[in-house]
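# Summary of structural features
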Amino acid sequence: MRRAPLLPALIFAIIVTQVPFLYTLYLSTLSWNALRPGDKPFVWLDNYVTVLSDSRLRSALLNTVVLTAGAVIFSVILGLVFALLLDRKFLGRGIVRTMLITPFLVMPIAAALLWKHALFNPTYGLINGLFGGSTDWVSSYPKAAVITTLVWQWTPFMMLILLAGLQSQSHEVLEAARVDGANAWQIFTKMTIPHLRQYLELGALLGSIYLVNTFDAIFSITQGGPGTATTNLPYEIYLTMFRKFEYGEASAAGVIVVILTIIVATFALRVISGLFKVEENR
Amino acid sequence: MRARLQNSVWGVVAWIAGIIFVFPVIWMVLTSFKQEADAATNPPSWFFAPTLAQYGQVFDRNITPFLLNSLMASVFSTILVVLLATPAAYALSLRPVAKWSDSLFFFITTKMMPAVAAFLPVYLLVKHLGMLDNVWTMVILYTSMNLPLAVWMMRSFLLEVPREVLEAGEVDGASLITSIRKIILPIVSPGLAATALICFIFAWNEFFLAVNLTATNASTSPIFLVGFISSEGAFLARLCAAATIVSLPVLIAGWVAQNKLVRGLSMGAVK
Amino acid sequence: MPRKLAMATAAAAAGVLLVTAGCSGAGSTGGGSGDSADNTITALMVGNPQMEDIQKLTADNFTKQTGITVKFTILPENELRDKVTQDVANQGGQYDVATVGAYEVPIWAKNGWLHEVSTQAQADSAYDVNDLIKPMVSSLSGEDGKMYAAPFYGESSFLMYNKELFEAKGITMPEKPTWAQVAEYAAKLDDKSKGISGICLRGLPGWGELFAPLTTVVNTYGGTWFDKDWNAQVNSPEFKAATDFYVNLLKQHGQPGAPQSGFTECLNTFGQGKAAMWYDATSAAGTLEDPNASKVAGKVGYAYAPVNKTEYSGWLWTWAWAMPKTTKKADAAWKFISWATSKDYEKLVGEKLGWSRVPSGKRTSTYSIPEYKESAKAFADVTLGSIEHADPTNPGVQPRPALGVQFVGIPEFADLGTKVSQEVSAAIAGSNTVDKALADGQKQAEDVAKKYK
């Protein structure tokens, strides 16, 4: 009976996510190229062999890690700085906060296109226009270009989480520490950071969940290049599916990604399982 | 006195950071009022005769159906998400079922799977059901996309409800409905609003599924936006105009409700 | 117990699907009215200026004449290609008509995905199918000789140059330059201090971006992707010489940001007067001669595609209207296609929107309309000549196994060309070498060739 309220959501999630996954498992055993209609022979695990022996998948995996970690780390740090700034009282704080959350509200595909065409472009982009030079940001620093765009969009998200963390600090305790002679740096490292730990973990976790799936930015800024410098796993699967039309291989790559995801998720959730425990003891 | 000075110095720093951060958006809006020839210049043109020509072009292309589709997909999926997530969160928090953490884990892992990896079977199934290019398909998919986050957030909000109050209500013989209406709802309604807003934003902005599962009847505004990229002509100013228009609903919603966003994300996240 | 749960889940699943399917019948969208009505067709097209024009003109003309409403979706080239292929290959049936490029038409025709249009085109004497330029027709024909799509506009490639810059240095461009001459001029005209590059060329990864001009260079240097027996030739000396030449020219005298420049970026660079030469599609001329969009209008000279070992080297491309086999409204779709590709439509565009915007390059008769000749006098002759001399069956010095000038007309080429182009683009950026790019390319080409040997 207690389970009743849970069931609709659970059943919905199972149908919409697990049924397609079972179907993916089946597809991954077929040799199926959509451009050659006809039979789709059953080939056991051949697709997995093809995909795993392809060095492109490994480099895509590495790129995914670098892009995700880079974007998450920088946006958490910047978000923390901004949150600390906004935690003080100053003239026009509301306006500054509005300005700082704006990038999060811009449509991601619009943000990606804006950065690529209006800011990074070597001939008429704003960055070279303001600072001179003719650096081609996207092809000289492809990963940094993608990460910059992502950090710009996700810093506000981190900032909002951390700002709430800061505001939940008890002012009496901070005041007491100050009276006891602790300086600002000591208060920050000894009290604020430990207090924020859960919020930092949470921001990093949520950020990773969304950023590991980054597709729009790669698709529109670099097309995975130059070479394969910014081809992450989602984009590599996309290429297999929409350029090679090897549906069997794409499915096999998808299954591998899901397995990796579950492994990483188990680790990541163990990190925040501390959060769960705290609640249970309440 | 010294603290005041310090605060105003940091205030200036904050202002500078804010202006730098918002500048790309300002540049986007400025560019949208230029002619194409002024939009792509080096050095950048700061002074120009503003024109509404680009906005005229955007509306020439009949943007209304795209905005309506986006609105339908976002609003209905958000309603569905809230309806599904709230009871589920209740069963995972106030009245925890056995192994509730496993269920929560399951919800969160479904979110970690890249949409691209699941796309092929979804496409084939949707095609099989004859539901390609249909807004309701997008409603279902956006619901499943946002469900994990919503369950998580709602669960945290429900944990804010003090158990003592709930139990006291039960002793007094209050029915479940009454205690939901009188006790739970007032406490979680800001959180509910924040959850709905976040889900709305993610649904409104979604691009990958929309571009591949819709054609002409159910296309959403991100699809309208990319239609302005041309491989055979200048497009920057028009693209900026279109980007400004399609981002505007979320921008306004986010600006107006930013207090809720701050409280919502944090409270909904930790605890 | 678990079994019961599973059954309940399955039942619920079926329930959800039924309910949602029911909803879809009730009212599928907010925007449309009468979606399933017989007089509405859906069209997917690439976001080029000619397509925007047809969107503007359809309601007041085509719909008024025929009562058929056309709903358009516009997508950028990459998204369009991915999406249409996906839809057609899986018989998704989301479109009644779509713009399809010269590369896909013969392949899809072979797979039986497209309606042939020859029968209807020949039955309609007003359509005047014999007026269509020959290489256009042959590039859109299947192995059975029937046309599977109707050309909307066609293009070849040529060399555009900034006459002011050339005059300032006292250089005269021959009508049919060689690549050696072009490299020499690029070196002379390169002026980094004024922000002017000697030449603008595509470097953006993509078989239809970087490899469109580069494959024509390979052709005229005597190279090819495959010989007629399907032996991969990507690391042959000719292919390598051509690629080395292209990459070095671009590195030494090319535009900044070359590895990310496609057609649009080059159009901008050259249109702002920041490059002395530009080798690209003939369709660029229309925009370059429009004073609202370009700062070099009236100052551009046009020459044939530069050559080395061949007499001509221009590519051949067309965006054509096709009907997928899955359409249930083939009659209405053909009515739209024949209207869009007719002589009358060209006249309509000329009168309503201006003669420079006519979707040209597909009909010989276009080039004898006095108003069109007047508006396009700077480039009309070179354009027509380039298209007529492009030969999709024999573009280089050796027989080819498949159709196509700047591409190889097999389904695997999009992936092969894109992957090799990524590496060549990296070589332009300086993070890779041409040798390595082509060695990897050779391996990938051999893999592809195995299926055909």
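Note that the structure is a prediction, hence the values are computed from the model and not measured.

### A few points about the overall build of chain C
The helix and strand tally for chain C stands at 18 helices and eight strands. Here chain C has a C-alpha radius of gyration of 24 Å; the compact-globule value for 453 residues is 22 Å, and the two agree. C-alpha extents for chain C along the principal axes are approximately 80 × 60 × 45 Å. With 453 residues in all, chain C has 57% of them scored as buried.

### Considerations on the interface of chain A and chain B
The interface of chain A with chain B comprises 79 residues on the first partner and 81 residues on the second. Considering only residue class, the side of chain A that touches chain B consists of 57 nonpolar, 15 polar and seven charged.

### Notes on the domain arrangement of chain C
All names here are of chain C. Annotation of chain C at the domain level lists domain 1 (40–148 + 317–375) and domain 2 (157–316 + 392–450). Placing the centre of domain 1 and that of domain 2 at their C-alpha centroids yields a distance of 28 Å. Every contact between the two is made by 12 residues of domain 1 and, on the other side, 15 residues of domain 2. Those elements giving two or more residues to the side of domain 1 that touches domain 2 turn out to be α4 (104–110) and α6 (134–139). Top contributing element to the side of domain 1 that touches domain 2 by residue count: α6, with three residues.

### Looking at the sheet that holds strand β2 (residues 69–75) of chain C
Within a sheet, neighbouring strands are paired by backbone hydrogen bonds and run either parallel or antiparallel to one another. Residues and elements named next belong to chain C. Taken in spatial order, the five strands of this open sheet run β2-β1-β3-β8-β4, and their pairing is mixed. Looking at which strands have only one partner, the edges of the open sheet turn out to be β2 and β4 (150–155). Averaged over neighbouring strand pairs, the angle between their axes works out to 20° when direction is ignored. Bridge count for β4 against strand β8 (residues 317–322) is five bridges, and the pairing is antiparallel. Pairing of Pro151 across the sheet is with Ala320, part of β8. Packed onto the sheet, helix α3 (residues 77–89) meets β1 (40–46), β2 and β3 (97–101) and runs at close to 130° relative to β1.

### Concerning helix α1 (residues 7–27) of chain A
For α1(A), which comprises 21 residues, the first-to-last C-alpha distance of 29 Å matches the rise-based estimate of 30 Å (1.5 Å per residue) to within 8%. The largest bend along α1(A) measures about 30° and falls at A:Ile15.

### Quick notes on the pairing of strand β6 (residues 277–281) of chain C
Residues and elements named next belong to chain C. Of all the five residues making up β6, five are buried; the element is thus mostly covered by neighbouring parts of the structure. Sheet topology note: the strand β5 (residues 157–162)/β6 ladder contains five bridges and is antiparallel. Bridge pairing in β6 links Tyr161 to Met277.

### Observations regarding unusual backbone geometry
Residues other than glycine seldom take positive phi values, yet B:Asp133 does so here, at roughly 55°. Tracing the sequence through the fold places B:Asp133 in the loop between α6 (115–128) and α7 (135–159). Taking the C-beta count within 10 Å as the criterion, B:Asp133 has 26 such neighbours and is therefore assigned buried. Of note in the backbone geometry, C:Trp230 takes a positive phi value of approximately 65° without being a glycine. Structurally, C:Trp230 can be placed in the loop between α9 (211–220) and α10 (237–253).

### As for the confidence of the model for chain C
In the predicted model, chain C carries a mean pLDDT of 87, and 92% of its residues have values of at least 70. The ipTM value of the predicted complex is 0.88, and its pTM value is 0.82.

### Structural notes on the packing of helix α3 (residues 55–86) of chain A against helix α10 (residues 184–211) of chain A
Residues and elements named next belong to chain A. Running from amino to carboxyl end, α3 crosses α10 at an angle of 140°, the nearest separation of the two axes being 9 Å. Here α3 lies oblique to α10, going by the angle between them. Between α3 and α10 the crossing geometry is right-handed. For the pair formed by α3 and α10, the contact residues are Thr68, Ala71, Val72, Ser75, Val76 and Gly79 on the first element and Leu200, Gly203, Ala204, Gly207, Ser208 and Leu211 on the second.

### What about the environment of C:Thr224?
Residues and elements named next belong to chain C. Mapped onto the secondary structure, Thr224 falls in the loop between α9 and α10. Sequence separation between Thr224 and Val397 is 173 residues; the distance between their C-alpha atoms is 8.6 Å. What Thr224 contacts, discounting residues up to four positions off in sequence, is Val218, Gln233, Gly396, Gln398 and Arg400.

### Here's the deal with the interface of chain A and chain C
Between chain A and chain C, the contact holds 24 residues from the first and 29 residues from the second. Elements represented by at least two residues in the side of chain A that touches chain C include exactly α1 and α7 (137–140) of chain A. When its residues are assigned to classes, the side of chain A that touches chain C shows 12 nonpolar, nine polar and three charged.

### Quick word on the domain arrangement of chain A
Residues and elements named next belong to chain A. Split by domain assignment, chain A resolves into domain 1 (17–53 + 247–282) and domain 2 (56–245). Across the contact, 15 residues belong to domain 1 and 12 residues belong to domain 2. Per-element accounting of the side of domain 1 that touches domain 2 gives the leading share, 10 residues, to helix α13 (residues 247–280). Counted by class, the side of domain 1 that touches domain 2 contains 12 nonpolar, two polar and one charged residues.

Cut-off values and rules
Residues numbered from 1 in each chain as written. Chains lettered and ligands numbered in written order. Predicted model: local features only at pLDDT ≥ 70, side-chain atom pairs only at ≥ 80, totals over all residues. Helix = DSSP H or I, 4+ residues; strand = E, 2+ residues; numbered from the N terminus. Rg over C-alpha atoms; globule rule 2.2 N^0.38 Å. Buried ≥ 20, exposed ≤ 12 C-beta atoms within 10 Å, placed from the backbone. Contact = placed C-beta atoms within 7 Å. Nonpolar A, V, L, I, M, F, W, Y, C, P; charged D, E, K, R; others polar. Domains from an automatic or database assignment. Pairing = 2+ DSSP bridges. Axes fitted to C-alpha atoms, helices over the stretch in contact; angles between N-to-C directions. Expected span 1.5 Å × (residues − 1). Bend = angle between axes of the 7 residues up to and from the residue. pLDDT = per-residue confidence, 0-100. Parallel < 35°, antiparallel > 145°, perpendicular 65-115°, else oblique. Left-handed = near helix turned anticlockwise from the far one by under 90°.

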